[in-house]
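For reference, the chains in residue letters:
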12 protein chains.
Amino acid sequence: MRILVINGPNLNLLGQREPDVYGAVSLAEIEARLARRAAALGVASLVCRQSNHEGELVTWIQEAPGQCDGLILNPAAYTHTSVAVRDALAAVHLPCIEVHLSNTHAREAFRHVSLTAPLCLGQIQGLGPLGYELALEALVNTLNRPQK
Amino acid sequence: MRILVINGPNLNLLGQREPDVYGAVSLAEIEARLARRAAALGVASLVCRQSNHEGELVTWIQEAPGQCDGLILNPAAYTHTSVAVRDALAAVHLPCIEVHLSNTHAREAFRHVSLTAPLCLGQIQGLGPLGYELALEALVNTLNRPQK
Amino acid sequence: MRILVINGPNLNLLGQREPDVYGAVSLAEIEARLARRAAALGVASLVCRQSNHEGELVTWIQEAPGQCDGLILNPAAYTHTSVAVRDALAAVHLPCIEVHLSNTHAREAFRHVSLTAPLCLGQIQGLGPLGYELALEALVNTLNRPQK
Amino acid sequence: MRILVINGPNLNLLGQREPDVYGAVSLAEIEARLARRAAALGVASLVCRQSNHEGELVTWIQEAPGQCDGLILNPAAYTHTSVAVRDALAAVHLPCIEVHLSNTHAREAFRHVSLTAPLCLGQIQGLGPLGYELALEALVNTLNRPQK
Amino acid sequence: MRILVINGPNLNLLGQREPDVYGAVSLAEIEARLARRAAALGVASLVCRQSNHEGELVTWIQEAPGQCDGLILNPAAYTHTSVAVRDALAAVHLPCIEVHLSNTHAREAFRHVSLTAPLCLGQIQGLGPLGYELALEALVNTLNRPQK
Amino acid sequence: MRILVINGPNLNLLGQREPDVYGAVSLAEIEARLARRAAALGVASLVCRQSNHEGELVTWIQEAPGQCDGLILNPAAYTHTSVAVRDALAAVHLPCIEVHLSNTHAREAFRHVSLTAPLCLGQIQGLGPLGYELALEALVNTLNRPQK
Amino acid sequence: MRILVINGPNLNLLGQREPDVYGAVSLAEIEARLARRAAALGVASLVCRQSNHEGELVTWIQEAPGQCDGLILNPAAYTHTSVAVRDALAAVHLPCIEVHLSNTHAREAFRHVSLTAPLCLGQIQGLGPLGYELALEALVNTLNRPQK
Amino acid sequence: MRILVINGPNLNLLGQREPDVYGAVSLAEIEARLARRAAALGVASLVCRQSNHEGELVTWIQEAPGQCDGLILNPAAYTHTSVAVRDALAAVHLPCIEVHLSNTHAREAFRHVSLTAPLCLGQIQGLGPLGYELALEALVNTLNRPQK
Amino acid sequence: MRILVINGPNLNLLGQREPDVYGAVSLAEIEARLARRAAALGVASLVCRQSNHEGELVTWIQEAPGQCDGLILNPAAYTHTSVAVRDALAAVHLPCIEVHLSNTHAREAFRHVSLTAPLCLGQIQGLGPLGYELALEALVNTLNRPQK
Amino acid sequence: MRILVINGPNLNLLGQREPDVYGAVSLAEIEARLARRAAALGVASLVCRQSNHEGELVTWIQEAPGQCDGLILNPAAYTHTSVAVRDALAAVHLPCIEVHLSNTHAREAFRHVSLTAPLCLGQIQGLGPLGYELALEALVNTLNRPQK
Amino acid sequence: MRILVINGPNLNLLGQREPDVYGAVSLAEIEARLARRAAALGVASLVCRQSNHEGELVTWIQEAPGQCDGLILNPAAYTHTSVAVRDALAAVHLPCIEVHLSNTHAREAFRHVSLTAPLCLGQIQGLGPLGYELALEALVNTLNRPQK
Amino acid sequence: MRILVINGPNLNLLGQREPDVYGAVSLAEIEARLARRAAALGVASLVCRQSNHEGELVTWIQEAPGQCDGLILNPAAYTHTSVAVRDALAAVHLPCIEVHLSNTHAREAFRHVSLTAPLCLGQIQGLGPLGYELALEALVNTLNRPQK
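Description of the structure in this document. (Residues numbered from 1 in each chain as written. Chains lettered and ligands numbered in written order. Predicted model: local features only at pLDDT ≥ 70, side-chain atom pairs only at ≥ 80, totals over all residues. Heavy atoms only, no water.)

### Brief notes about the pattern of salt bridges
So, point 1. Here the structure, examined in full by the defined rule, presents 84 salt bridges over all chains.
So, point 2. In this structure, R37(K) engages E133(K) in a salt bridge whose closest nitrogen and oxygen atoms are separated by 3.3 Å. Remark: E133(K) occurs in helix α5 (residues 130-144) and R37(K) occurs in helix α2 (residues 27-40); sequence separation between them is 96 residues.
So, point 3. Here R111(L) makes a salt bridge to E108(L), at a shortest N to O gap of 2.7 Å.
So, point 4. Exposure remark for E108(L): the relative accessible area of 28% places this residue in the partly exposed category.
So, point 5. Beyond isolated ion pairs, a larger network of salt bridges with shared partners links R37(A), E133(A), E137(A), R37(B), E133(B) and E137(B). (Salt bridge = Lys/Arg side-chain N within 4 Å of Asp/Glu carboxyl O. Helix = DSSP H or I, 4+ residues; strand = E, 2+ residues; numbered from the N terminus. Buried < 20%, exposed > 50% of the residue type's maximum accessible area, 1.4 Å probe, protein only.)

Okay, here's the thing in structure tokens:
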């Protein structure tokens, strides 16, 4: 079982960026925690990527089918504006869980809409770094279920 | 640590109701799984309630502060229509996580709006019964953190 | 063949309530007329209920599958606001016909939207108490058709 | 008692047109059933017309007062777009019942609005060909009531 | 100088149709008054037409350039719904004045929008039959002005 | 002269609930103050009720005509969502004044709309507990005026 | 018969202001033409006023009942923004005709709405200075009709 | 304690203006009643002003801090259109209560929005002239409370 | 292979009508070009019709299945307003391509919506008379593909 | 080179009014700074005016062409509501630059729309008193450029 | 004659991506077909590019004037979201035709809006790979026409 | 004092691109002018960058805190569509001024909204290349003020 974690724009600043919104934990720490949980869950490979470029997120999602069995995706700002990322998710047939560190429902109205979530299995938001770990557990759980 | 789980209208039908949307697991089974996870996480008390009445959900949330340290809430249909449940959440000062079995972003437009989520820590949706367990882990994690 | 008739809020006031909108016939009289028509149509059992509580309407619809073969539903005010009643209709698989005494298209704009009608076979409105009788005939007609 | 039945665009195709939406019964059969019911109800004259032209529907409604005592109208597509048909209904003072074969509330959003229904006594929809018969019964019932 | 007057749907009913909205004067009387005023203004030819058919209004406007020097148009219901009449007006290069008997601003919101008025010189509304006469004076005045 | 005071959801928490929005005075204290003012104004009977259930508010309003001469109503959250409470007010013919403790115009946009206020004589908001007393004075004043 | 003509903001600039929109005729010339037509129509007194102040327009309308029998009003920019002018028109019971020099339907969308027109008998627009004269004829015609 | 009462456009016509909407009591009578109540409440100075000019209302509110301790404001039509009055209220730090004679929620939709109310302590509407007296009592009550 | 070409309102004026929008080529010339291309593509029969009547377009589409194998449709103004033409397309099961001479996306906002396009295979717009020829090639191409 | 500076409602309160929004500098100080900058830039005459009256702003703009070569305009609240000020700007042909002290994009949604800015050369906002000086430099720069 | 073909995000996946929406033909095959057609049409150079990056599409369009005489553009997801691509099209003065493989009118509402189409000559959609060939023919046809 | 100037998509084309909208001055010339003004203002370092890539703008803003003391940002097309650039601005704590060469309020409606401006100190638009120089002066002025 191989999992790809894709983080969108500005998430490379975690820990520095608006800590009262996004928390004080850096992306590297989140990835380290995720790696520990992945090991505990028997995940063979966990790859983490981050980009500020919409087009790069699209390309990584396109290439994912040959490289992993499932996706954890935090499209950040592109959640609300990117039809391209949405279309990439529709083009590949990998289970994907969307994660947001903050509770988007408690923020500006334009963050209440997710163009990408309808193409995912589900969404976890507002639970900080732990949200990634919970998404990982859910994804492993899904991949371990007999496919229908 | 005591946790209260409140389920809203029609969730008593789980397993029978639209199984391709909500899955084939009954509410009793979900509660049993949650109880096992709660025990593993060291939760002293886990109480689960379900009601079809908006007013009853309001009352249970009002009474929660004396009875538990945190809430897991699936307001179901009232997510999208109940200012009263929202106001009850605002009135008590308990950490709460909102759960939905299905992925509301992939359903009718009126389900994309949550009146209650802005008053919660976060939201987990589309991950089926496992979503409750993940919410429990997140809630325990929050309650174990030193309060600021 | 067993039929359940469920009436929503304020319909217990029929005959007294805004008679130029809803007419001068009481709910008891409507039920009596319906009973006569039911007998004429060979309906074995006709049960009529009314509640002002959204949650009670939800519960009655949930319990209907074991108790009847079809529903006549006038959700009254909840027609326009209740996702919970809509979800209950989606959860049971009984044929249902929605009835309104007044012509909602000739009233306030918020009454032009029905959250529940999409889950019903059809809708009869503006024909006063006779609307219930016509709904009964349509329901019996549907139940007598060979199921596909 | 004389009744005029007016059907709008594409209803001449009934039985052929989208049978899973509109059913397999032809317009001629519907008219034959209606004629039998009219006879049973003591209706002296039942005339049925169909046109694809908005202007023709307008003209027929204008001429109706001298030719009948009440109208059954299925404006089909013009329900949602024709102010002209609406104005024609406002100009004559005949009781009219609007009928739709399909349940418009379960279809595209633009079919949820009826420009013509506010000028009718009421509306029956989603009950297939039987809807016309029920409308006839309601119309006869109205015409037999002492006028106020 | 030749003038064509085109009246849209239901205006043939004037005098009978909703007299508190449209007044008690028939279309024939309006045309007679217009003819007298036309004579007084030195108009060589005044032709008046009425149709309930959108397509016929379109055709008459298309044919107008060879037959008249200016148009008086009351599109009635089609004012608010007909792109086809609007496009016909754009296709011919005749001065046109739009007339409404009633004050559309004091009626339903859908009557506040005119698709045709932007293609006319101006609009007169709410002044009853006299509105046509005033439009005629304005049209003659325009046609008598040296063209720029 | 008999007055009924009906309070909606979450108002039982007054004094505890968001004190910077709703103040530090409990519902019992408000009712005690109201009782004193009622006595001073010569009100024979003052009954105060509170419920979190929309249906219960509907029922109490329905039963009011036999029990009181006027209503003071704070529908709280149901102000913005309940057609059922609105319909109950329309069904009874009692003078009613709507009260809100906080200034709803200074809060979320969904609180700017009141479904119930159009059925009341008037509305007092933002004046805290004193608002009830002022509503009482206005109601007594209305009931003492000779009816037209 | 006495007529008051009230012109709103920027109409004092006529002739200079955007001549391709408003024409090259000054307000003084328009008033002179109107005076000639008034004399021809037997109007005893014609008073013309112009102000850039919304409040002054309100005051003049308020004072009109003692000073004239009818109003011609071009509220200019205040047509689209002034509830105060609208309320003044509702407060007095004088027949009023609204005039616009340009065709507002052919301009920006915010000019398609008139707050004041619903309180007038009718509206003439797009016919330039002649529009005032036609409004005068319509107003005299109305005042000469036996009042109902 | 000094109170300033500011009334907006058309309120000088009270008693004459639309008496079924605004009542038959003149502004002078309202002010006289208010003066009596002010005396009873121990108010040292009560000044009442009315203007049809938005700018004058702005200026009076600006000058209020040196002249009074609190405001009663009925902005009338400017309630719904004046950002300038709103900004004036934000600029001064005086407690203010908004009053409307009629129940704006029962009138046109554009009257349901108040630009000024969010800057006031609260709002009283629909209670006629008594509304001013109740606002006075509330204002005195607020000013007598120890400031926080 | 037989093809029917249906043109809607005002297209009979091509060449005369707004030549900077629609070009200088007449409908007859377009049909002649199409005939040549049809011959080159091996189309057995090419019939071209034009009507200003919505109802006639509906009728021609209804009758098409017996007369041709595919449709080229330019509904012109009815593109944006006709549910009736849309319903006719849904009723027949012929491949259809929608053509517009001008680029509707570069014109008024109401032309950006097509009620008919969702029922067509595709749409060609803004390419002038050549658009019909390209549509013909695409239609022939579709009809020559083995049906799935 | 002569410049006119026009400030709208409530700007006379600068320094006192909401200092965290508008800063602590008074209007007199802003005008003094502007005068110094004007002298440095070789401006022959700098006149500054402020009014709370929409009509007065309109009049000053109307009179500007004879008195100055360019305008600096801060319409304050009227930015968002005044068609009259917009029309005055359209009527005169003077270069104008709009200034706002605060950043309107960071405030309430109704402040994001400017009715007047489309008639100006450009807009400077959020830069406090310096914004006026920068506008002056831009205006002088424009007036010194050879006119095209 | 040189033509540049630019394809946007996810079009590199053609043949694999949602084949029931986009067909089973790969982008390479489409380019091969286009090359054959280009040769037949006498096109000297045909260059095809694809990118998932909005910025790269912008850059290619900017550089196009020196490299080609016309553009075929399928902006894919960026059709609906990219003002930057739109602005690039406005900046260069090359004829461009927009192509979509699927019929966007038959898909989600957000795909009905094209930000780029208003800057193109026209648009072909829903005709699959053939659409590119037809666009090529139209572009060649345009470039061969004498420029006006 | 170090300043970073970031220009978004298509601004590299300045001088060539739509010169009647954006002027005839190239980006290099603007940067040269800015450098001269920076020197005059005592700015130690002025770095100018331009990119067509949203992601590159995000990265540059992220990296700015270590490299400069303030930002001048013209996000061009991304002003209206980029939540990612907005989030980058929120993540760094540098003063930023938004500049637009053209007056966006006088262009298409979608250009009236700025997602980025609320995160800036202020905005200058419509003043051409000079706008950058004025922004520089304002930024230097801000940075020279003692920080609060």
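### A short note on the sheet that holds strand β5 (residues 122-125) of chain C
Hydrogen bonds between backbone groups are what pair the strands of a sheet, and the pairing can be parallel or antiparallel.
So, point 1. Spatially, β2(C)-β1(C)-β3(C)-β4(C)-β5(C)-β5(D)-β4(D)-β3(D)-β1(D)-β2(D) is the arrangement adopted by the ten strands of the open sheet, whose pairing is mixed. With partners counted over all chains shown, the strands left at the sheet margins are β2 (45-50) of chain C together with β2 (45-50) of chain D, one partner each. On average, adjacent strands in this sheet sit at an angle of 20° to one another, irrespective of strand direction.
So, point 2. Alignment of strand β4 (residues 96-100) of chain D against strand β5 (residues 122-125) of chain D, held across four bridges, turns out to be parallel. Bridge pairing in β5(D) links H100(D) to Q125(D).
So, point 3. Helix-sheet contacts for helix α5 (residues 130-144) of chain C involve β1 (2-7), β2, β3 (70-74), β4 (96-100) and β5 of chain C together with β5 of chain D, and the interaxial angle to β3(C) is about 155°. (Pairing = 2+ DSSP bridges. Axes fitted to C-alpha atoms, helices over the stretch in contact; angles between N-to-C directions. Contact = heavy atoms within 4.5 Å.)

### Concerning the interface of chain H and chain F
So, point 1. Each partner contributes to the interface: chain H provides 22 residues, whereas chain F provides 22 residues.
So, point 2. A combined buried area of about 1,700 Å² lies between chain H and chain F, and 57% of that area is made up of carbon and sulfur atoms.
So, point 3. Its largest share of buried area at the contact with chain F, chain H owes to H105(H), Q123(H) and L127(H), together 29% of the area lost on that side.
So, point 4. At the boundary of chain H and chain F, one finds two salt bridges.
So, point 5. Residues R37(H) and E137(F) are paired through a salt bridge, measuring 2.7 Å at the closest nitrogen-oxygen approach. (Buried area = accessible area lost by both parts, 1.4 Å probe.)

### What about the packing of helix α3 (residues 54-63) of chain K against helix α4 (residues 83-91) of chain K?
Any two packed helices are characterised by how steeply their axes cross, that is the angle between the axes, and by the distance between the axes.
Residues and elements named next belong to chain K.
So, point 1. Their axes nearest at 9 Å, the elements α3 and α4 cross at an angle of 0°. Looking at the two axes, α3 sits roughly parallel to α4. Facing α3, whose interface residues are E54, L57, V58 and I61, α4 presents A84, V85, A88 and L89.
So, point 2. Partitioned by chemical class, the residues of the contact of α3 with α4 number seven nonpolar, no polar and one charged. (Parallel < 35°, antiparallel > 145°, perpendicular 65-115°, else oblique. Nonpolar A, V, L, I, M, F, W, Y, C, P; charged D, E, K, R; others polar.)

### Here we look at helix α5 (residues 130-144) of chain F
Residues and elements named next belong to chain F.
So, point 1. With 15 residues, α5 extends 21 Å from end C-alpha to end C-alpha; this agrees with the ideal 21 Å at 1.5 Å per step.
So, point 2. Here α5 lies mainly inside the structure; twelve of its 15 residues are buried.
So, point 3. Among all positions in α5, only L130, G131, Y132, E133, L134, A135, L136, E137, A138, L139, V140 and T142 are buried. (Expected span 1.5 Å × (residues − 1).)

### Some points on the sheet that holds strand β4 (residues 96-100) of chain I
So, point 1. Spatially, β2(I)-β1(I)-β3(I)-β4(I)-β5(I)-β5(K)-β4(K)-β3(K)-β1(K)-β2(K) is the arrangement adopted by the ten strands of the open sheet, whose pairing is mixed. Bordering the open sheet on either side are β2 (45-50) of chain I together with β2 (45-50) of chain K, each of which pairs with just one other strand. The sheet shows a mean angle of 20° between the axes of neighbouring strands, direction not considered.
So, point 2. Bridging between strand β1 (residues 2-7) of chain K and β2(K) involves six bridges; their strand directions are parallel. If you follow V5(K) over to β2(K), its bridge partner there is C48(K).
So, point 3. Sheet contacts for helix α3 (residues 54-63) of chain I: β1 (2-7), β2 and β3 (70-74) of chain I; angle to β1(I), the most-contacted strand, approximately 170°.

By themselves these figures say nothing about function.
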